[in-house]
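# Examination of the molecular architecture
Here is what each chain is made of, one letter per residue.
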Amino acid sequence: MRTPTNEALLRHFRDLRDGTHGQAVSREDKEHVFDRAVELLDPVARTALEEINTDLLLGTGEVVASGITRSREGGLNAMWSLTWPEQQESGNQPIAIVAHYGTDFLHPHLRGNTVGDWPLNIFDQADAEAQLNVLRAIAAADTHNLVFQETHRLIPAITHRADSI
């Protein structure tokens, strides 16, 4: 039995081989697939970020979704951000999960603010839910990188709990 992660990679590699994104061939059709993928991914992305908010930020954060926007270059983007007081005061970027479909891309990808690309091949609710561990990894890596760039003092679970040491 294939893992969801490996199944997503195989879909990605088939798309590269065939020049498609699922069944979509034209840019316009692929953008419609992206729109639907973002809609399906929304609750999963929120779950991954809310887990970090609960466990590491002690509920002090806020998850905000941008919806789909078009970049200056003509690509599509959607972002789920987790902000909290210590991060905002430090002037650092929030923890993020980003879906993006660049103008020169064959198909869309996922990334964080500090973490590179992962294929965004989501065509139904099961595909979206299967990406929860990938989204958790993106959010966790963004969290780690933010602390690495700044300080562990950004994480309330470390600074506000005597039992966290």
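Further up the page is the structure itself.
Attention here is on the structure that accompanies the text. (Residues numbered from 1 in each chain as written. Predicted model: local features only at pLDDT ≥ 70, side-chain atom pairs only at ≥ 80, totals over all residues. Heavy atoms only, no water.)

Attention now moves to the packing of aromatic side chains. Any pair of aromatic rings gets described here by the distance separating the centres and the angle formed by the planes. Tallied over the full model, the rule gives 1 aromatic pair. Aromatic pair F34 and Y101: ring centres 6.3 Å apart, planes at 35°, arrangement tilted. Of this pair, F34 sits in helix α2 (residues 27–55) while Y101 is found in strand β3 (residues 95–101), placing the two residues 67 residues apart along the sequence. Take Y101: its relative accessible area is 1%, and that puts it in the buried class. Lying over the aromatic face of Y101, R27 brings its terminal NZ or CZ to 3.6 Å of the ring centre. (Phe/Tyr/Trp six-rings, centres within 6.5 Å; stacked < 30°, edge-to-face > 60°. Helix = DSSP H or I, 4+ residues; strand = E, 2+ residues; numbered from the N terminus. Buried < 20%, exposed > 50% of the residue type's maximum accessible area, 1.4 Å probe, protein only. Lys NZ or Arg CZ within 6 Å of the ring centre and 35° of its normal.)

To continue, consider α2. Residues spaced three or four apart along an α-helix face the same direction, because each turn holds 3.6 residues. Compared with the 42 Å implied by 1.5 Å per residue over 29 residues, the 40 Å span of α2 between its first and last C-alpha is a close match. Within α2, the axis deviates most sharply at L41, by approximately 45°, and proline P43 lies no more than four positions further along. (Expected span 1.5 Å × (residues − 1). Bend = angle between axes of the 7 residues up to and from the residue.)

Here the focus is the environment of D124. Relative to the helices and strands, D124 resides in the loop between β5 (118–119) and α4 (125–130). A relative accessible area of 36% places D124 in the partly exposed class. A polar contact is formed between the side chain of D124 and the backbone nitrogen of D127, at a distance of 2.8 Å. (Polar contact = N/O pair within 3.5 Å; in protein donor to acceptor, adjacent residues only side chain to side chain.)

Moving on: the pattern of salt bridges. Going through the model one piece at a time under the given rule, you end up with 9 salt bridges. Residue E7 is joined to R2 by a salt bridge in which the shortest nitrogen-to-oxygen separation is 3.4 Å. Linking D127 and R11 is a salt bridge whose minimum nitrogen-to-oxygen distance equals 3.6 Å. In this pair, D127 is assigned in helix α4 and R11 in helix α1 (residues 4–18), connecting sequence segments 116 residues apart. The exposure classification of D127 matches that of R11, with both residues buried. Within the structure, one salt-bridge network assembled from shared partners comprises R2, E7 and R14. (Salt bridge = Lys/Arg side-chain N within 4 Å of Asp/Glu carboxyl O.)

If you look at the biggest cluster of nonpolar residues, it comprises 36 residues, and the most contacted ones within it are W80, I97, L110 and L135. Taken together, the elements giving at least two residues each to this core come down to α2, β2 (76–83), β3 and α5 (132–149). Sort the elements by how many residues they give to this core and α2 lands first, with 10 residues. Sequence-distant contacts of L135, that is, excluding residues within four places in its chain, are made with L41, V44, A45, A48, I97 and L110. (Core = buried A, V, L, I, M, F, W, Y, C linked by side-chain atoms within 4.5 Å. Contact = heavy atoms within 4.5 Å.)

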